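Residue-level structure breakdown
The primary structure of each chain is shown beneath.
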Amino acid sequence: LLLAADLTTALARDPFGEESVGRCVTTARWSRLAIQATLVLTLGVNLVKLARYDSLITEVKVSLDLPLIPVHHLRGHIASNYLSSPELTPPFLCLVVSGGHSHIVQVEDYTKLKILGRTRDDAAGEAFDKAARAMGIPYPGGEEMDRIAEEGDPNAYKLPHPHVEGAPLDFSFSGLKTAVLNEVNQSQMKGTDINVPDLAASFQERIAGILAEKLL
């Protein structure tokens, strides 16, 4: 039985982090009645409260007496492509986009990676959530914004196309989030309502266009 416990995410969502770890420990104890378990922990990126994280890892390992396999968070994202696309072999370019990460990675071999570009501020997922909140869309905003954007015009709002000086493959999305907030504030000052589907579609189109442009 392979148990994947993403403690980075668990701890980032206090006060539920320790509860999540506890559920993992309980599950692993029960599983060992029938089959040997291996505990896999994500490490290496955006670790919060490091001292507490280290103590929890030690507690889990000692409590379960299980083999412990540390997996680098971003390497795990990239390696998951080998499961969904078994024919995939290095070298290739990989776009890693999630709630907290926006990276362009050159995969030279199965264990040799080179980061070509990364976000300088907000990741794409963070920008989606923050822009959605400004538009009154509940958290997490990405999925709901995608649904709403289907009814909108992606060319209705002229949003900026940010660049990072001297780093053509790096991303910067905080300016787009600010542009959305400015559109909302200006509409409120004028006493008018923004067209949420149009603004969502325009924002989504701009983010997707930037990601595709940098990768290609």
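Residues numbered from 1 in each chain as written. Predicted model: local features only at pLDDT ≥ 70, side-chain atom pairs only at ≥ 80, totals over all residues. Heavy atoms only, no water.

**A few points about the pairing of strand β6 (residues 113-118)**
Rule in force here: When DSSP finds at least two bridges between two strands, those strands are taken to pair. Note on conventions: DSSP H or I runs of at least 4 residues are helices, E runs of at least 2 residues are strands, and numbering of each starts at the N terminus.
Taken together, the five bridges between strand β5 (residues 102-107) and β6 define a ladder with antiparallel strand orientation. Within β6, the position partnered with I104 by the bridge is G117. Hairpin geometry of β5 and β6 is characterised by an intervening segment of five residues between the two adjacent antiparallel strands.

**Things to note about helix α4 (residues 73-84)**
Quick note on the threshold: Given the number of residues in a helix, its expected span is that number minus one, multiplied by 1.5 Å. The rule is simple: take the accessible area with a 1.4 Å probe, protein chains only, and divide by the maximum for that residue type; under 20% is buried, over 50% is exposed, in between is partly exposed.
Relative to the 16 Å expected for twelve residues at 1.5 Å per residue, α4 spans 18 Å between its end C-alpha atoms, a close match to the ideal helical length. Taken as a whole, α4 has its buried residues at H73, L74, I78 and Y82.

**Remarks on the packing of aromatic side chains**
To keep things clear, this is the line we draw: In this scheme Phe, Tyr and Trp rings, the latter by its six-membered ring, pair at centre separations within 6.5 Å, and the angle between planes marks the pair as stacked below 30 degrees, edge-to-face above 60, and tilted otherwise.
Tallying each qualifying case throughout the model produces four aromatic pairs. Between F128 and F203, the aromatic rings sit 5.3 Å apart at their centres with planes inclined by 85°, giving edge-to-face as the arrangement. Here F128 is found in helix α5 (residues 124-134), whereas its partner F203 is found in helix α8 (residues 196-215), with 75 residues between them in sequence. A ring pair is formed by F171 and F173, whose centres lie 5.6 Å apart and whose planes are at 15°; its orientation type is stacked. In terms of burial, F171 and F173 fall into one category: buried. What links up through ring pairs into an aromatic cluster is the set Y82, F92 and Y110.

**Comments concerning the environment of P197**
For clarity, the cut-off: The contact criterion used is simple: two residues touch if any of their non-hydrogen atoms lie within 4.5 Å.
Looking at where P197 falls in the secondary structure, it is placed in helix α8. Residues P197 and G152, spaced 45 residues apart in sequence, show a C-alpha to C-alpha distance of 4.3 Å. Residues contacting P197, with those up to four places away along its chain left out, are I148, A149, E151 and G152.

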